[in-house]
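Understanding the architecture of this molecule
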Amino acid sequence: MAVIGQPTIYSIPIHRAFADALAAGVIARFDDGALGLAQGLILLPSNRARSAVQAAFVRAGGQGLLMPRLAVIGDADLDESVALALDAIDDDPLPPAIDPLHRRLLLAELIERHTPPGEPAITGAAAFQLADGLGRVIDQLHYEEVSVSALVDLDLGAFADHWRASLSRLRLLVDEWPAALARTGAIDRAARRNLLLDRVAAGWRAAPPARFVVAAGVTTAAPAIARLLRTVADMTRGMVVLPGLDQVMAADEWDALGPTRPDADDDRRPLETHPQYHLKLLLDRMGVARDEVQPWDAASPHDGPEARTPFASLLFAPADYSTQWQAAGDLSAAVAGLSGAVFADDGQEAQGIALLMREAIETPGRTAALVTPDRALAERVAAALTRWGISVDDSAGQPLSRTAPGALLLLLAELAAVFDPVALVALLGHPLVRAGGERTMWLDEVRRLDLTLREPGLLPGWDGVSARIAARAADPKARGHTVAVQMAPWWTRVSTELAAALGPFAAGPVPPADLLAALQRAAEWLAGDAVWAGPAGRMLAELFDQWALARGAGPALVDPADFPAMLGQLLGQASVRPPYGGHPRLFIWGLLEARLQRADLMILGGLDEGRWPAATQPDPWLAPGIRRLLGLAAPERQQGMAAHDFAGALGAGRIVVTRAQRSGGDPAVASRFWLRLAALAGELPEPAPGGVPLTRLAAEIDLPPGSAQPAGRPAPQPPAADRPRRISVTGVDKLARDPFAFYADRMLGLSALDPLSAAPDPRWRGTRVHKLFEDWVRGGATREAFEAELAALAADPALDGLARAFWLPRIEPALRWAAAQVWEADRKPVAVEARGERTDDGITLHGKADRIDRGPDGLAIIDYKSGGAPSAQAAADGLDNQLGLLGLLAREGAMEGIDAAPVVALEYWSLRPDRRADGAGRISNSYGPRSTLKTAEAAIDHAADTLTRLAHDYLLGDAPFAPGEGGGYGDYDQLMRRDEWFGRGEDGL
């Protein structure tokens, strides 16, 4: 083999635009005006890097340029393009790589079937989840070329018992895996990559290609890649070009990064969080000293300031060498073009970044890119840019679970596993469901269903929804009767089809393939082919096909309740990259996508700890100490890679770094990168588009223009002819307490919707208690009947676990107390839920009494309260008139079936446990010795006077319906814009 005396290795410093500098240098070296350039080969780390280098060659070479062949050898994007580097046809093809999903299913099956003695079995979704980590461990063993026997030779005397148990399970599984894999006729993808790279390297060592070969931008230090890079560097027409190798760092500082291989004479811990450690590891495995690396001599118009390279080296100096910062001197040249912004929250951060990108494209030809590992921030920025009609491509893509097809499938799985009204309405209203001409009518039915499900007390499951619709359709007096009648045929068809399709979820633990097939049937019935359309739909279809091709591999049985988590994890790990079509000069890049690429404006966003760098994810199989013993990368190495990405992005000419003080509603801590930058460079200037600080623009962009004034206190004043002439006894109290609420309710026809949930709320519980007493009294008010009603309450299927555990034991003593009051009183119930109505002076008053008793002296009006009762003072103030007005109706004979008679008692029976009565309830009146109203008769007369006054002012007159003075929360606070005027005086202050 013809080689030169020294390996040919270069490094492009971070201040140079890597792809453009690479293209310029390759063209200068190999473009002979003929086909010299086209005959070469460039090895790159990823498909994104290949795209970046292609674009750089186009920019550098102009039209008609024949580029070299580009092949990918990186971990994530290894493909058959490497095999094309061999001139000869491969007579001995390698076995195919096993499909990732098929492998995960097989590993989950192994985890289920092989349990070490004394250890608990892991089954179902838990096995599927652990299989993902097990696959990573197997890959890492392949990458680092660590033999399985190394697992057996480990001494775990210093480790905790749970790590020993984990390793014993891992040994068993790794021993069983080769046989299971061999039965598929495939091999691990990582093993195949090693074989393929070694085959290429061996072929080149035996017969070096006549064309030039450049390995550029590769930083992965796997031994197989290191051997290939060394082979390339040793060839006569080969060279390796590294990105951002620190050639400024002093030798002792380079040595302080620690050893790259176990050494008995060097017990230092490697500094794997440093951005140069993985490059040091790569050079050591190639057998190349840092001094042998030459600087790349080509430049490009997209380079940053040269001072930025030593600045980045100083910025990431190891802790023992950070004293150099004190002698750094003038850094103005290094920080020129570098600015930063700290926003109040991540929402404003996204707005500020969108403003910077919007400003950038005002200059013709200028490009801007957001670089962030935070996918949520990327999505917010893309959404914020739509304000100006700008679409931007997020090259990192989004999880399949966040796309429309993926979300539809997850909604189906969650609904099938645990029936929930919220999931049901969300599923039926999903954008893909009945997308077409039928959708408008379909959504009408979904809205009817939504309203029907909002009342609490819904029985669980599909049958509960059907029962509520049937009950309302059968009762003409029921609320929502007409809606239920209209919706019943549609719901019968929907529930029948979906319940039949999702039947396997009701059968207990079943094979996961059955659950997946059930979801497929249900999704196709709801959305047809739309669920498989587009990039996301096609990827979802591929996952289904891969699962089907696995032929039953995986956990034997899965609990349907665990399947949504299992499916969500699978969909969340699949990234969908949308087709290009966004603005040609704006980009959103993840860290992988940003490597080797550069824009005129680089915005490094999300610099909070846990976002950039991301929090270290623990390995469920190997403790960090075990990983060190095996020679595997520590989890912290990912933070070192993130630091290298940050340092590389710092080389651009114009840079803006951003962070948020609060992220996701919680306080955020500045990233370690941000803190280093602030400590070395001092306070960075804030960008000021148009001369206005960026943070101010982001905070005020959604505020109305001009000096916005808060709304004043509303006082609607409709004409008297339009005001209602009919009012209920509870409506009188609402009018007395809050006229605006009465106006919104009775005149605007607005009412608060119940939450979309089947859980019993306080109002439902109160209604249920009223029904208990109504049925009991109608049944004769006997002791036997009461016990039967109490048993029926305890068995009510609408009660959830929380109500059974806490509410029922607390309410039962009060219910028994109330029953005892009836049995022991000298008066007897004569009516329950009694209705009454009277008209006076053109105003009709109506109401319903919970119970009316007749005693020797007259009638008693009783109202049950499951909570606290109004005070007598409220009645005296004219704010509580309910019992008084019911007494007025009874006294005048306006109650159905009740003759006119004196009313001698107005009683609230509070069923809230009273500490003064040993947990029993309490009886209170609308009058009493401490009130100005001494008797029931006085309370009735006072309520009648209040009704007359309110009717004169608000129903027959033109008094404005101004909000009440109370400071509590109400249903109409947003409508009346209470937050803008409450607490201000008449002068608005």
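Provided above is the structure to which this section pertains.
The following paragraphs examine the structure supplied in this document. All values derive from a computational prediction rather than experimental measurement. (Residues numbered from 1 in each chain as written. Predicted model: local features only at pLDDT ≥ 70, side-chain atom pairs only at ≥ 80, totals over all residues. Heavy atoms only, no water.)

A few points about the environment of Gln 326
Convention followed: To qualify as a helix, a DSSP run of H or I must reach at least 4 residues; to qualify as a strand, a run of E must reach at least 2; elements of each kind are numbered from the N terminus.
Its location among the elements puts Gln 326 in the loop between α11 (308-315) and α12 (332-335). Distance from Gln 326 to Leu 680, taken between C-alpha atoms, is 8.7 Å for residues 354 residues apart in sequence.

Digging into the sheet that holds strand β12 (residues 586-589)
We count it as follows: In short, DSSP must find at least two bridges between two strands for them to pair.
Spatial strand order, β7-β14-β13-β8-β12-β9: 6 strands in an open sheet with parallel pairing. Of all the strands in the sheet, just β7 (338-343) and β9 (393-394) have a single pairing partner and so form its edges. Sheet topology note: the β7/strand β14 (residues 654-660) ladder contains 6 bridges and is parallel. If you follow Leu 338 over to β14, its bridge partner there is Ile 655.

Observations regarding the pattern of salt bridges
Applicable threshold: Any Lys or Arg side-chain nitrogen found within 4 Å of a carboxyl oxygen on Asp or Glu counts as a salt bridge. Exposure classes here rest on a 1.4 Å probe applied to the protein chains alone. A residue is buried below 20% of its type maximum, exposed above 50%, and partly exposed in between.
Going through the model one piece at a time under the given rule, you end up with 53 salt bridges. We note a salt bridge from Glu 445 to Arg 448, for which the minimum N-O separation is 3.2 Å. Residue Glu 445 and its partner Arg 448 are both found in helix α17 (residues 439-453); the two are separated by 3 residues, about one turn of the helix. Looking at Arg 448, the relative accessible area reads 24%, which means it is partly exposed.

Regarding unusual backbone geometry
Put simply, Trp 612 and Pro 613 share a cis peptide bond, and its omega is 5°. Even without glycine at this site, Glu 145 takes up a positive phi of about 55°. With respect to the secondary-structure elements, Glu 145 resides in the loop between α4 (124-143) and α5 (149-152). Note on Glu 145: relative accessible area 38%, which makes it partly exposed.

Overview of the environment of Ala 298
Let me state the cut-off plainly: In what follows, residue pairs with any heavy atoms lying within 4.5 Å of each other are defined as contacts.
Inspection of the secondary structure puts Ala 298 in the loop between β6 (294-295) and α11. Since its relative accessible area comes to 11%, Ala 298 is described here as buried. For Ala 298, the contacting residues outside a window of four places in its chain are Arg 16, Ala 21, Ala 24 and Gly 25.

A look at the pairing of β14
The element β14 is extensively covered by neighbouring structure, given that 6 of its 7 residues are classed as buried. Note: strand β13 (residues 601-604) against β14, 4 bridges, orientation parallel. Bridge pairing in β14 places Met 602 opposite Ile 655.

Some details on the nonpolar core
Stated formally: By nonpolar core is meant a set of buried Ala, Val, Leu, Ile, Met, Phe, Trp, Tyr and Cys residues that side-chain atoms within 4.5 Å join together.
Grouped together as the largest cluster of nonpolar side chains are 99 residues, with contacts concentrated most on Leu 424, Leu 428, Leu 449, Trp 491 and Phe 563. Dropping the residues within four chain positions of it, Trp 491 is found in contact with Leu 424, Leu 449, Trp 462, Val 465, Ser 466 and Ile 469.

Some words on the pairing of strand β18 (residues 828-840)
Taken together, the 11 bridges between β18 and strand β19 (residues 843-854) define a ladder with antiparallel strand orientation. Within β19, the position partnered with Lys 828 by the bridge is Arg 854. Here β18 folds back onto β19 in antiparallel fashion, the turn holding 2 residues, of which Asp 841 has a positive phi close to 55°.

Here we look at helix α1 (residues 18-30)
Counted only if it meets this: An expected span of 1.5 Å times one less than the residue number is assigned to each helix.
Look at α1: 18 Å from first C-alpha to last across 13 residues, which is about the 18 Å you get at 1.5 Å a residue. By the criterion of burial, α1 is predominantly enclosed, with 10 of the 13 residues buried. Taken together, the buried positions of α1 are occupied by Phe 18, Ala 19, Asp 20, Ala 21, Leu 22, Ala 23, Gly 25, Val 26, Ile 27 and Phe 30.

Topic: the side chain of His 278
Within the secondary structure layout, His 278 lies in helix α10 (residues 277-286). With relative accessibility at 5%, the residue His 278 sits in the buried group. Setting aside its immediate chain neighbours within four residues, His 278 contacts Thr 219, Ala 221, Met 641 and His 644.

Description of the packing of helix α15 (residues 404-417) against helix α22 (residues 563-572)
Selection rule: Each axis is a line fitted through C-alpha atoms, and for a helix only the stretch in contact is used; angles between axes span 0 to 180 degrees, taken between their N-to-C directions. Relative orientations are named as follows: roughly parallel for angles under 35 degrees, roughly antiparallel for angles over 145 degrees, roughly perpendicular for angles from 65 to 115 degrees, and oblique for any other angle. Helix crossings get a hand from a simple test, with the near helix turned counterclockwise from the far one by less than a right angle marking a left-handed crossing and a clockwise turn marking a right-handed one. Think of it as three bins: nonpolar holds Ala, Val, Leu, Ile, Met, Phe, Trp, Tyr, Cys and Pro, charged holds Asp, Glu, Lys and Arg, and polar takes everything else, Gly as well.
In the contact formed by α15 and α22, the axes pass within 9 Å of each other and the chain directions differ by 165°. One way to sum up the angle between α15 and α22 is to call them roughly antiparallel. Crossing of α15 against α22: the hand is left-handed. On α22, the residues that touch Gly 406, Leu 409, Leu 410, Ala 413, Glu 414 and Ala 417 of α15 are Pro 564, Leu 567, Gly 568 and Leu 571. Split by residue class, the contact of α15 with α22 holds 7 nonpolar, 2 polar and 1 charged.

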